[in-house]
Amino acid sequence: MRRVAGRSRCVMKAILRVASAFVALGCAADDAMAQSGPDGNERPPSGDIVVTAPRRGEAEVPAETEFGEEEIAGYGADNIDEILGLLAPLIDASGEEPVILVNGKEIGFDRSILAYPPEALNRIAVLKAEAAGHYGHASGRRVVNLVLKKNYASRHAEAAVHGATGGGQHGGDLTAGQMAIAGETRWNVQGRVSLESALRKSARNVAAEGGPIDLVGYVVPAGGEEIDPALSKVVGAPVAVAAVPAMADGGPPELADFAEGIHSTHQASPERFETLRPSRRNLSLAFGASRPLGPFDASVSVNATSNRSSRLRGVPMTSAILPAGGVWSPFARDVLLVRPLAGDRTLRSENSARSLSFSLTLSGALGSWRTMVSGSYARSWADSRLEQGIDTALVQALIDANDPAFNPYAPWPERLPKVTGSRSESESLGLRLNLARPLLELPAGPVTANLSADASRDRSSYHGLDGSDRAPDVYTREHLGGELSLSIPVARRGADFLGPLGDLTADLFLGGQAATGSGLRRQYGGGFTWSPAALLEVLGAFKHREVVPSSEQLGAPRIETVRRVYDFIRQEVAEPLWITGGNPLLHRGSRQSLSLDVRVRPFDSPVLSLSVGYRQSSGEGGVAPFPELTPTIEAAFPERITRDSEERLRSVDARAINVAATRSAELVSGIALRLPAPSSSQGNAEEPAADPLRLTFSLNHTWRLESELLTRAGMPTIDQLSETGQSRHYLSLQATAGKRGIGGDLRATWSSPAQVRSSHSAGGYRYRPPLMVNAGVFILPDKLWAKAQGLGWLENLKVSLEVENLLDTYRRVTLSDGSVPPGFSRHEVDPLGRTVELSVRKRF
């Protein structure tokens, strides 16, 4: 641990030294402010001289389509990450995250650019399909180039409040940041605070897990029909229950003191003290900067987070024998004391996590090589604490000892709950090198070679807080890998050689990886991009990879939380201990994938695009995430499920699993409409100030043809589409309408009905997923009304309204006879329901 602490101090010193090199960026911010207008945009140059030159920030591969400033403004996004999410259906219907360039250059580990406001963008360029191979990435993956304004500066603050329309839950966010761009130098800093209240069962009329509770306590006979004949004589009738008198907090009560509370208790609704959703608190602080450094561009980012959640698990009740003749008992017989821990003190499940990460990237040219070197360091800490009840044995021992210092009637001390928990720590150090250059010139273009190498070292430790002196479990893993890829232009439309074939590019890759405890793993594959005509594009790819579990899957900290799940065996909602984290027993395997996609633009423009694709993947051995708990999965992994003597679900080990084989296949299709058609000058600073209403529409469909899982050799293959609740069809829709100053969007998803087979229910369970609809609108007053421009508090102000689950729907589950099984009522399936968020964002 001393060595780890020493390394951490060295790393932190390095972070401070690198960060200090960017202090001068404050001057760049002032320069950017001076060169920017009141709205943060670059001032137009004066004079009549016009120079024609290549546009700033162009990538090495031409753009297939672009989104200019006005079109970006019509989406009303708060940051670049959000705008990329809204544009995702127009970028890649498959939903795969694109490769990101900034001003035509790769950014390595640095993701700080995603926090920049969209107003900092000059344009977003979606590059042609062959760009993935050119930059050394998998065939078919889209590449997006974010072109920033040459000079821009902004300060912003945002406040948001949200809550469920059904009541019972609310929260809020507060964000503040500043950024500046001055030529090739840029920086940003942002902080965020997010709070969310718990949702209690009483707010949704969901029954608590246990029975009635009493917030004070009472005594009942330990045997027989009455507590004490003497007490019955005092009140004139047999007494079977008596509340603990209030004066008992201060000392031993007399027999007559119990007469005031005969036949009564202090019962309370247990639903008030149990939560369906935990309360949360999240904090984050991020800093990023980039500037020229000799022949290179240097980028640095630092991120820190702190997250905490707390769940209420009800008021714990216990019982203990008060022996006759004891210090605290006025009774002639043994009686049973039934009471809570301390009034309305609830059991809690608490989790907290903190992280600190740092990255440094250098990119530039070394001779004819395009070079990028990236390094990253991350450290995280996590704590979990779970209170599981009152230590009844300890309570009884204290009572039997006749200790006058322990008052069994008064609120009990915090040492009496039974507590389990863990403390974990992880550390990761990574290094990546990318080299690329043209190797030779072919008639269709240059052959580009990409060579990449990466190395990493991960270390994690886990210490269970069970009171033992057992040393922490420590896991260490080192990894080294490399890959060579070639992008080969075979034909080019209009060229003399193979010109009639159209545009055809082939990509090949070969690589290997080695890790601690594992030999060399081979990986190879290839793909092609073929466009026989401007309106048609065909993409294909094949990959074979020998894989071993990742560092996260093997050595992630063990975390124990309480989770609400449906128990198909007992047909009830259960709240078992849910175990996640690393599993050191995982082993290696292999994966193969095949894909073929066809994209059509009937009008040879971005106005309308159609796509259809086929995906197939298979694997032997290897790792898979733990599936949703169903009877089929429990039968396949009985060692992962723990039940008590009454078959109640107590714990589920949901860490990653080894599987013998997997196989899946699906058809994907999509349609995207974009109106009006973007002009060829979009993104040009000289573009006229036209601002029409812009409309986009996208509809994507996934048809799962097969999804099979073989858990172990000799076991039956699980058809997940017919046995485990997977839907065969999935639809997603997005529609937007907007212009600078006002706009809105509508997003909807739907899945086809599915079923879960269970021997405990004839006909199984039938799932009917909901039509989930989300909607949002925004408005910027100063962009719509000229009078608002003179009011400082309205300038650069944006007001947004977001509604999640607009139709307030939920997944309905029924049995074969149409009845709703226990545990699948409306608020047990989705207790939150419809939520509304109102946010106000101000740029200064």
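As the structure is a computational prediction, the values presented were derived from the model and not from experiment. (Residues numbered from 1 in each chain as written. Predicted model: local features only at pLDDT ≥ 70, side-chain atom pairs only at ≥ 80, totals over all residues. Heavy atoms only, no water.)

A.B. asks: Describe the overall build of the protein chain, and please don't skip the residues or the numbers.
C.D. replies: Scanning the protein chain from terminus to terminus reveals 12 helices and 47 strands. By principal-axis analysis of the C-alpha atoms, the protein chain measures approximately 115 × 70 × 60 Å. Relative to all contacts within the protein chain whose residues are 6 or more apart in sequence, the contacts with residues 24 or more apart total 71%. When the accessible surface of the protein chain is totalled, it reaches about 39100 Å², and 58% of it is carbon and sulfur. Of the charged side chains in the protein chain, 91 are positive and 95 negative, and the gap between their average positions amounts to 3 Å. (Helix = DSSP H or I, 4+ residues; strand = E, 2+ residues; numbered from the N terminus. Contact = heavy atoms within 4.5 Å. Areas by Shrake-Rupley, 256 points an atom, 1.4 Å probe, with all protein chains shown as cover. Lys, Arg positive; Asp, Glu negative; His and termini not counted. Charge placed at Lys NZ, Arg CZ, Asp CG, Glu CD.)

A.B. asks: Give a detailed account of the packing of aromatic side chains, specifying residues and quantitative values.
C.D. replies: A complete count under the given rule lists 11 aromatic pairs for this structure. Relative to phenylalanine 824, the ring of tyrosine 566 lies with its centre 4.2 Å away and its plane at 45°, an arrangement referred to as tilted. Of the two residues, tyrosine 566 is situated in strand S28 (residues 565-567) and phenylalanine 824 in the loop between strand S46 (812-814) and helix H12 (826-829); the sequence distance between them amounts to 258 residues. Of the two residues, tyrosine 566 and phenylalanine 824, neither departs from the other in class, the shared state being buried. Where tyrosine 767 meets phenylalanine 824, the ring centres are 6.4 Å apart and the plane angle is 55°; that geometry is what we call tilted. (Phe/Tyr/Trp six-rings, centres within 6.5 Å; stacked < 30°, edge-to-face > 60°. Buried < 20%, exposed > 50% of the residue type's maximum accessible area, 1.4 Å probe, protein only.)

A.B. asks: Go over the environment of threonine 175 with me, naming the residues and quoting the values.
C.D. replies: For threonine 175, the position within the fold is in strand S7 (residues 170-182). On the basis of relative accessible area, threonine 175 is assigned to the buried category, the value being 5%. Placed 17 residues apart in sequence, threonine 175 and arginine 192 show a C-alpha to C-alpha distance of 4.4 Å. Look past the residues within four positions of threonine 175 in its chain and what remains in contact with it is His156, Ala157, Glu158, Gln190, Gly191 and Arg192. Side-chain polar atoms of threonine 175 contact the side chain of arginine 192, separated by 3.1 Å. (Polar contact = N/O pair within 3.5 Å; in protein donor to acceptor, adjacent residues only side chain to side chain.)

A.B. asks: Before we move on, can you summarise the pairing of strand S47 (residues 835-843) with the specific residues and values?
C.D. replies: With nine bridges connecting them, strand S6 (residues 151-164) and S47 associate as antiparallel partners. The partner of glutamate 158 across the bridge, within S47, is arginine 841. Bridging between strand S45 (residues 797-804) and S47 involves eight bridges; their strand directions are antiparallel. Paired with lysine 798 across the strands is arginine 841, a residue of S47. (Pairing = 2+ DSSP bridges.)

A.B. asks: Account for the sheet that holds strand S43 (residues 765-768), naming residues and giving values.
C.D. replies: With respect to topology, three strands assemble into an open sheet ordered S42-S43-S46, the strand pairing being antiparallel. In this open sheet, the two edge strands, each paired with only one partner strand, are strand S42 (754-756) and S46. Direction aside, the axes of adjacent strands within the sheet are offset by 25° on average. Judged from the three bridges that link them, S43 and S46 form a sheet pairing that is antiparallel. Note that in S46 the partner of arginine 766 across the bridge is threonine 814. (Axes fitted to C-alpha atoms, helices over the stretch in contact; angles between N-to-C directions.)

A.B. asks: Would you mind going over the sheet that holds strand S3 (residues 105-106) in detail, with residue names and values included?
C.D. replies: Strand order in this open sheet of five strands is S1-S4-S5-S2-S3, and the pairing throughout is mixed. Of all the strands in the sheet, just strand S1 (63-68) and S3 have a single pairing partner and so form its edges.

A.B. asks: Account for helix H7 (residues 392-400), naming residues and giving values.
C.D. replies: What H7 keeps buried is the set Val395, Gln396, Leu398 and Ile399. Axial view of H7: buried residues confined to an arc of 160°, hence all on one face. Tucked inside the fold, the buried residues of H7 contact strand S17 (317-322) and strand S20 (369-390). (Arc of directions from axis to C-beta.)

A.B. asks: Which residues make up the nonpolar core, and what values go with them?
C.D. replies: In summary, soluble globular proteins display a tendency toward joint burial of nonpolar side chains. Judged by nonpolar contacts, the single largest core of 26 residues is most densely connected at Ile80, Ile83, Leu84, Ile113, Ile124 and Leu146. For this core, the elements supplying multiple residues, two or more each, are helix H4 (80-91), strand S2 (99-102), strand S4 (121-127), strand S5 (143-148) and S7. At six residues, the largest contribution of residues to this core is made by H4. Ignoring anything within four residues of it in the chain, the contact list for isoleucine 83 reads Ile72, Tyr75, Ala77 and Ile124. In this structure, Leu255, Val335, Ala342 and Ile399 belong to the second largest nonpolar core, which totals 25 residues. (Core = buried A, V, L, I, M, F, W, Y, C linked by side-chain atoms within 4.5 Å.)

A.B. asks: Help me get a handle on a nonpolar patch on the surface, residues and values and all.
C.D. replies: Side chains of Leu610, Ile671, Leu673, Leu675, Leu693, Leu695, Phe697 and Leu699 sit close together on the surface and give an oily, nonpolar patch of about 580 Å² of accessible area. Within the residue set of the nonpolar patch, elements represented by two or more residues are strand S37 (661-675) and strand S38 (694-710). Examined against the element boundaries, leucine 695 turns out to sit in strand S38. (Patch = residues over 30% accessible without salt bridge, like charges linked within 9 Å, V, L, I, M, F, W, Y side chains within 5 Å. Salt bridge = Lys/Arg side-chain N within 4 Å of Asp/Glu carboxyl O.)

A.B. asks: How would you summarise the pattern of salt bridges if you had to cite specific residues and measurements?
C.D. replies: What the rule picks out here adds up to 50 salt bridges. Here glutamate 58 makes a salt bridge to arginine 55, at a shortest N to O gap of 3.8 Å. The partly exposed category is assigned to glutamate 58, whose relative accessible area is 42%. Classification of arginine 55 by relative accessible area gives partly exposed; the value is 31%. Within this structure, Arg55, Glu58, Glu66 and Arg123 form a network of salt bridges that share partners.

A.B. asks: Break down H4 for me, citing the residues and quoting the values.
C.D. replies: A rise of 1.5 Å per residue sets the reference length of H4, with its 12 residues, at 16 Å; its end C-alpha atoms lie only 14 Å apart and thus fall more than 12% short of the reference. For H4, the complete set of buried residues consists of Ile80, Ile83, Leu84, Leu86, Leu87, Pro89 and Ile91. (Expected span 1.5 Å × (residues − 1).)

A.B. asks: How would you explain the pairing of S17 if you had to name every residue and give the values?
C.D. replies: Here S17 shows a clear split, with Thr318, Ala320 and Leu322 buried on one side and none of Met317, Ser319 and Ile321 buried on the other. Judged from the six bridges that link them, S17 and strand S18 (residues 335-340) form a sheet pairing that is antiparallel. By the bridge assignment for S18, leucine 322 is matched with valine 335.

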